Amino acid sequence: MTKSYMHRIITIILLLCGFQAMASHIVGGEVTYKWIQSVPGGNKYEIHLVIYEDCETGQPAAIAEDNPAYLAAYRLDSPTFTLVAFDTAISFDPAQSFSVPVNFSNACVTNIPKVCLLKKTFITTFTLANSSFGYIVSYQRCCRNGSVINIKSPSDNGATYFCTIPPTNLVSHNTSATFTNFPPQIICLNNPFYYDNSASDIDGDSLSYEFCSAVLGATTTDIKPFPASPPYDSVIYNFGYSSGHPLTAYPPLQINPVTGVITGTPNRLGRYLVTVCCHEWRGGKLINTIRREFQFVVTDCTKVVVASIPQYSTDINTFVVECSSFTVNFVNSSSGGFNYHWDFGVEGLNNDTSANFQPSYTYPDTGIFTVKLIVNPSSTCPDSISRFVKIFPYFHTLYADTGKLCPGTPLTFFDSSSTTIKPITS
């Protein structure tokens, strides 16, 4: 690297250190690339940086200062990580930058929150020499929204969005996969969540998906820096959260490794940082990974119809543990309903159902049953809930003792309890 080249980099970094606008308006981002052509000794790539901006609560000045963006490419020759290309004057492409549609028109929710999300795409080209190391292209910005609850110090730590370009001795050229759909803007508390976070790949490579760790980037003292070289440190997750468990939900949030579909039922309000990795496979070998980071905001949507069976047991998601009878009297605490369908969960039976508001049902045997209640089935706004019912009759506690009832004389106690569910464990 020449002295003039190094001097230019240092000058840029010093100029950027004075940047002051905080970036809590940025709620996500991703970096992808497209192979353009082979050139003597290397390949030319078109790099796409996408950032998602909160235009509802974000400061207009901070949004404006995202332009231009800074991207840097490093060769992965650890521990050197040689800087090989950069661009500090990338303006966003108006043709690929727009307000993301909400795509939420649920007539069954009465208080749809107001949201605004901008997608901005910054495009540049890098010519990279053939390499047995591969490359990483990165962008950094500070800081994350301070209300993110699943990581430590979000308002003091920024993000690094990056992609890797595989070594040319592994694949002669490659275009990364790209995510197909926009990230969700409205996620309703206690509502089943379904989001297709799949990607497509023009090379026809196989794709797999998993939750992965978000990484740290810029800081409050240098909020829009020239991108630093790798490696990049993971964020620190708060207690109870991790990269694979980024959000409070039951059933838990999970991603299908084959389809990329994210499902779960969020049951705690808040803003959560979620990162998805999409892995590219060719000939059975992992050749590349792209990442999308986004903030999922779980809001308290007021539903027109709410199915509800109370939980009277301390067991998780259990209506009742019945130890004295095979008959259960069900309680319906739903709202907004006019029709009801109960399925009492007896495997192999089709007549274990009821249309009553609060039915009673006699189970044929002991066991754990999943009871489902659908409120207003086949209507515009149905809702459903499932709870466990545990039938364990009967249980009779009894003990006997032997020995003389005299001071200083040992007594021996024997458990003589009886139950239909054996063994008694404690």
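Residues numbered from 1 in each chain as written. Predicted model: local features only at pLDDT ≥ 70, side-chain atom pairs only at ≥ 80, totals over all residues. Heavy atoms only, no water.

(A) Focus on the layout of surface pockets. Approximately 680 Å³ is the volume attributed to the largest pocket. Along the walls of the largest pocket sit 22 residues, with Asn 190, Tyr 250, Thr 265, Ser 384 and Ile 385 positioned nearest its centre. Among the elements of the structure, strand 24 (367-375) and strand 25 (383-391) are those that each provide at least two residues to the lining of the largest pocket. Considering each element in turn, the lining of the largest pocket owes the most residues, six residues, to strand 25. Looking at side-chain class alone, the lining of the largest pocket contains nine nonpolar, eight polar and five charged residues. (1 Å grid on protein atoms, 1.4 Å probe; cavity = no way out; pocket = protein on both sides within 12 Å on 5 of 7 lines; lining within 4 Å. Points joined across faces, edges and corners; volume = space filled by probe spheres on them. Helix = DSSP H or I, 4+ residues; strand = E, 2+ residues; numbered from the N terminus. Nonpolar A, V, L, I, M, F, W, Y, C, P; charged D, E, K, R; others polar.)

(B) Fine view of the state of the cysteines. The full count for this structure, using the stated rule, is five disulfides. There is a disulfide in this structure between Cys 108 and Cys 381, and the S-S distance comes to 2.1 Å. Measuring handedness by torsion sign, the sulfur bridge of Cys 108 and Cys 381 sits at about -95° and is left-handed. Pair noted here: Cys 108 is in the loop between strand 5 (98-99) and strand 6 (117-129) and Cys 381 is in the loop between strand 24 and strand 25, with a separation of 273 residues, a long-range link. (Disulfide = S-S within 2.5 Å.)

(C) Spatial organisation of the nonpolar core. Counting residues in hydrophobic clusters, the biggest one holds 35 residues, and the most contacted among them are Phe 193, Ala 199, Phe 211, Leu 247, Ile 262, Cys 278 and Phe 296. Sorting the residues of this core by element identifies strand 2 (42-54), strand 11 (193-196), strand 13 (206-211), strand 17 (270-282) and strand 18 (285-299) as the ones contributing at least two each. Excluding anything up to four places from it in sequence, Cys 278 contacts Ala 177, Phe 179, Ala 199, Leu 207, Ser 208, Tyr 209, Asn 288, Thr 289 and Ile 290. (Core = buried A, V, L, I, M, F, W, Y, C linked by side-chain atoms within 4.5 Å. Buried < 20%, exposed > 50% of the residue type's maximum accessible area, 1.4 Å probe, protein only. Contact = heavy atoms within 4.5 Å.)

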